[in-house]
Amino acid sequence: MNYKELINNFITDAIDKDLESGKHKKIITRFPPEPNGYLHIGHAKSICLNFGIALKYDGICNLRFDDTNPEKENIEYVNSILKDVRWLGFEFDEPLYASDYFDMMYDYAVQLIKLGKAYVDDQDAKTIKEFRGTLTEHGTNSPFRDRTIEENLILFQNMKGGKYKDGEKVLRAKIDMHSPNMNMRDPVLYRILHAHHHRTKDKWCIYPMYDWAHGLEDSIENITHSICTLEFEDHRPLYDWFLKQLKIYHPQQIEFSRLNLEYTIMSKRHLKLLVDENHVSNWDDPRMPTISGLRRKGYPPDAIREFIYSLGVGKNDGYASIEHLEYFVRKYLNKNSKRIMAVLDPVKLIIDNYDENKFEELEAKNNPEDDSLGFRKVTFSKELYIEKDDFMENAPKKYFRLSIGKEVRLLHAYYITCTHIEKDSSGVVKKIHCRYDSKTKGGWSEDGRKVKGTIHWVSAKHSINAKVKVYDKLFNKINPYDGDEKNDFIKHLNQNSLKLINNVKLESSMINSLKSEYYQFVRKGYFKMDKDADKDNLVFNQIVNLRDSWKKHTK
RNA sequence: UGGGGGAUCGUUCAAUGGUAGGACACAUGGUUUUGGUCCAUGGGAUCGGGGUUCGACUCCCUGUCCCCCAGCCA
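Everything numeric in this text was worked out from a predicted model, so none of it was measured.

**Student:** Quick one: what's the story with the overall build of chain A, residue by residue and with numbers?
**Tutor:** Along the backbone of chain A there are 14 helices and 27 strands. Here chain A has a C-alpha radius of gyration of 31 Å; the compact-globule value for 555 residues is 24 Å, and the former is much larger. Projected onto its principal axes, the C-alpha coordinates of chain A cover approximately 100 × 55 × 40 Å. Put simply, 71% of the contacts in chain A that link residues at least 6 apart link residues at least 24 apart. Here chain A has roughly 26,400 Å² of accessible surface; of this, 48% comes from carbon and sulfur atoms. Within chain A, the 84 negative side-chain charges are centred at a point lying 4 Å from the centre of the 88 positive side-chain charges.

Listed below in structure tokens is the structure:
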């Protein structure tokens, strides 16, 4: 991808100006996930933006774990994030950790106390909340707000030293309890948490809050542009205030609107709920909007990147459509998948004038637009399977497929004409009898005879059994939160989001199918073998179906 | 009159005082050994009302609607 031209938005406009004015020479961005869950496609936007900008300007993008809350974070999440960012195609040096800066952050806090800009508050959480005021009423100063610097220094040291229980004291910035911006009403800087941290172990029992930590992390790493989502816009005055008080290097925070995808949710907390309550199998369930879910489903990273960059970056909130994402998935897969024939809903087709014991190895192209993907042999014989819906007894005029008396092409094989059918007692078609034209081998005729329909097939005797999983949208509503209490989104879960198809027949060449490979099941869709599948249990996930303009006619 | 942000085709992003454009979606036609791909064509928008200007999506005034903020989460 050509990142120089790929990304152009209001953020790169700002960067261009900073480069022109000489404010910066080298651009440094960062992607700062909290390791408290798996990354989702919303994070992919931030990743593509931050790493993309670094690539565009020959700069650097740090991968930094914002691991300031040990109660929710763990190493499993750290590892998944590392894997997902790399899988998306971005490279980084050793990952960085906010927890590596805990000593520095502590020292800065001491400095802030010495400046008379921070104090230890003995009020409990409930009282602090009460004193904070409301959106329309200003707050009230804490009775502990005017402690001396000396006292604050000792108290803060005692907090660090473990002399108090969780929640007994906090360190707060001394800003303005009358500020119309709630974030400026003496925000908490440190809370007491006697918790085991996955990296610093038991060294600390006080942990910094986001607002305190984030600007310091950015400053320490010499980040030039700290790009975050819109909900932090209100926090920017605080971000700026801290760095100004401390007189340290001051990155610029710029906010953009986060990515929303139709029919799904992007809250890590809520995605975790879906996992914990078994609404999905795990974080990598192919129905999840997580990077690991999309990977398991078979979405190529290139397609995800192209999708993200096609969206652009702005400050409007809105929803990206599933179709838009699927367009890029199909676009990539059309070029990069091998075609094979698979029958998902089989019915027997018998070629009455073909010898019982004969079979032929016919040559088939793996990708009609790209010879470099090679050729393969498919086995043809007297008894085949075709899709049930490729035959209709009473076909409408524009139906191009098989029906009694009509001729179609079997892809890569022969022209066949249907002569008669066999049904069971309840009228279900059990066998379709045809005759083939031996002069049409390969699927074309010298006489220029026109055959409108082409259908796929597999040889019954040579076929391989498999299972297929087809996925639909996770929720029934574009915005699962719409009009409800925040936690009612569960009731909008699509109960039919997973369909298991058991009796799938694959062409014989699939005996050597690979987990790493993308396949197009001709006329059906794109598929990839599930990570838990094996030779004895072939399971394919449908990545996305093929566009189907016939379906529109039938409606 | 609490603060902050936003409003352009159905969706998403452009146009930075000078012909409102692209992509997806949709529609029509063509090509085709996938009713896929590809190609061509078409319909379709500046939140409302004033103002400044030769000229306004852009600047000013005013109104309306939407999103975010009252964690010792990030």
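Moving on, there is more to tell.
**Student:** Break down the side chain of N152 for me, citing the residues and quoting the values.
**Tutor:** Along the chain, the position of N152 falls in helix 7 (residues 149–160). Sequence-distant contacts of N152, defined by excluding residues within four places in its chain, comprise I113, A118, Y119, V120 and R147.

**Student:** Go over the state of the cysteines, please, and point to the residues and values.
**Tutor:** Covalently bonding the sulfur atom of one cysteine to the sulfur atom of another cysteine gives a disulfide. In this structure the tally under the stated criterion is zero disulfides. Looking at the unpaired C228, the closest cysteine sulfur is the one in C61, lying at 14 Å. Not engaged in a disulfide, the cysteine C434 finds its nearest cysteine sulfur in C418; these two sulfurs lie 4.6 Å apart. Under the relative-accessibility criterion, C434 is labelled buried at 0%.

**Student:** With reference to specific residues and values, describe the sheet that holds strand 12 (residues 338–340).
**Tutor:** Strand order across the open sheet formed by seven strands is 12-25-26-27-23-24-13, with mixed pairing between neighbours. Each of the sheet's edge strands pairs with one partner strand only, and the pair in question is strand 12 and strand 13 (342–343). Examined bridge by bridge, strand 13 and strand 24 (residues 498–506) share two bridges and lie antiparallel to one another. Of the residues in strand 24, the one forming a bridge with A342 is L506.

**Student:** Describe the protein's contact with RNA strand B, with residues and values.
**Tutor:** Near RNA strand B there are 64 residues, and of these D13, R339, G442, Q520 and R523 occur at the shortest range. When the atoms of RNA strand B within 4 Å of the protein are sorted by group, sugar and phosphate make up 63%. In the environment of RNA strand B, a base nitrogen lies 2.7 Å from a nitrogen or oxygen atom belonging to the side chain of D234. One of the side-chain nitrogen or oxygen atoms of H324 is found 3.3 Å away from a sugar or linking oxygen of RNA strand B. Tallied by class, the residues present in the surface near RNA strand B amount to 23 nonpolar, 19 polar and 22 charged.

**Student:** Give me the sheet that holds strand 1 (residues 28–31): which residues, what numbers.
**Tutor:** Strand order in the open sheet made by the three strands is 1-2-3, with parallel pairing throughout. The sheet is open, and its two edges are formed by strand 1 and strand 3 (96–97), each paired on a single side. Bridge analysis of strand 1 against strand 2 (residues 60–65) gives four bridges, and the strand direction is parallel. Along strand 2, the bridge assignment pairs I28 with I60. Of the strands in this sheet, strand 1, strand 2 and strand 3 touch helix 4 (residues 75–87), which is tilted by about 160° from strand 2.

**Student:** Provide a residue-level description of the pairing of strand 14 (residues 346–351), including the pertinent values.
**Tutor:** Of all six residues that make up strand 14, five are buried, and the element is covered over most of its length. In the sheet, strand 14 pairs with strand 17 (residues 383–387) via five bridges, with the strands oriented antiparallel. Looking across to strand 17, one finds that V347 is bridged to I386. Relative to strand 20 (residues 429–437), strand 14 runs parallel, the two being bridged by four bridges. The residue of strand 20 that forms the bridge with L349 is I432.

**Student:** So what's going on with the packing of aromatic side chains? Residues and values would help.
**Tutor:** Using the criterion set out here, one finds 28 aromatic pairs in the structure. Ring geometry for F102 against W204: centres 6.0 Å apart, planes inclined by 80°, an arrangement best described as edge-to-face. A residue pair is termed long-range when its members are at least 10 positions apart, and F102 in helix 5 (residues 102–114) and W204 in the loop between strand 6 (188–192) and strand 7 (206–208) qualify at 102 residues. The exposure classification of F102 matches that of W204, with both residues buried. Put simply, the rings of F102, Y106, F156, Y190, W204 and Y207 pair up and form one aromatic cluster. If you follow R199 out to its NZ or CZ, it ends over the ring of Y97, 3.5 Å from the centre.

**Student:** Account for the nonpolar core, with residues named and values stated.
**Tutor:** Counting 51 residues, the largest nonpolar core has I41, F51, V85 and F90 as the members making the most contacts within it. Of all the elements, helix 3 (residues 41–56) adds the most residues to this core, at eight residues. Not counting residues up to four positions away in its chain, the partners in contact with F51 are F31, C61, L63, V85, F90, E91 and F92. By size, the runner-up hydrophobic cluster in this structure holds 37 residues, among which are Y101, V110, L155 and W241.

**Student:** Outline the pattern of salt bridges, supporting the account with residue identities and numerical values.
**Tutor:** By the definition in use, this model includes 41 salt bridges. With a shortest N-O distance of 3.0 Å, R64 and E221 are connected by a salt bridge. Taken together, the residues R64 in strand 2 and E221 in the loop between helix 8 (210–220) and strand 8 (225–229) connect sequence positions 157 residues apart. The burial state of R64 is the same as that of E221; both residues are buried. The partner of K423 in a salt bridge is E393, and the shortest N-O contact between them spans 2.9 Å. One end of the pair, K423, is in strand 19 (residues 415–423); the other, E393, is in the loop between strand 17 and strand 18 (407–410), and 30 residues separate them in sequence. On the accessibility criterion, K423 (42% relative accessible area) is partly exposed. Counted as one network, the salt bridges with shared partners bring together R30, R64, E217, D218 and E221.

**Student:** Give me the lowdown on helix 2 (residues 10–20), citing residues and values where you can.
**Tutor:** Of the positions making up helix 2, those classed as buried are I11, T12, I15 and D18. Down the axis, helix 2 shows its buried residues gathered within 115° of arc, on one side only. Within helix 2, the exposed residues directed more than 90 degrees away from the buried face are K17 and E20. Those residues of helix 2 that are buried are in contact with helix 3, strand 8 and strand 9 (252–256).

**Student:** Tell me about unusual backbone geometry, and please be specific about residues and values.
**Tutor:** Backbone geometry places K201, a non-glycine residue, at a positive phi of 55°. Inspection of the secondary structure assignment puts K201 in the loop between strand 6 and strand 7. One non-glycine residue with positive phi stands out, namely N222, at about 55°. With respect to the helices, strands and loops of the structure, N222 is situated in the loop between helix 8 and strand 8.

So, how was this worked out
Residues numbered from 1 in each chain as written. Chains lettered and ligands numbered in written order. Predicted model: local features only at pLDDT ≥ 70, side-chain atom pairs only at ≥ 80, totals over all residues. Heavy atoms only, no water. Helix = DSSP H or I, 4+ residues; strand = E, 2+ residues; numbered from the N terminus. Rg over C-alpha atoms; globule rule 2.2 N^0.38 Å. Contact = heavy atoms within 4.5 Å. Areas by Shrake-Rupley, 256 points an atom, 1.4 Å probe, with all protein chains shown as cover. Lys, Arg positive; Asp, Glu negative; His and termini not counted. Charge placed at Lys NZ, Arg CZ, Asp CG, Glu CD. Disulfide = S-S within 2.5 Å. Buried < 20%, exposed > 50% of the residue type's maximum accessible area, 1.4 Å probe, protein only. Pairing = 2+ DSSP bridges. Near = heavy atom within 4 Å. Polar contact = N/O pair within 3.5 Å; in protein donor to acceptor, adjacent residues only side chain to side chain. Nonpolar A, V, L, I, M, F, W, Y, C, P; charged D, E, K, R; others polar. Axes fitted to C-alpha atoms, helices over the stretch in contact; angles between N-to-C directions. Phe/Tyr/Trp six-rings, centres within 6.5 Å; stacked < 30°, edge-to-face > 60°. Lys NZ or Arg CZ within 6 Å of the ring centre and 35° of its normal. Core = buried A, V, L, I, M, F, W, Y, C linked by side-chain atoms within 4.5 Å. Salt bridge = Lys/Arg side-chain N within 4 Å of Asp/Glu carboxyl O. Arc of directions from axis to C-beta.

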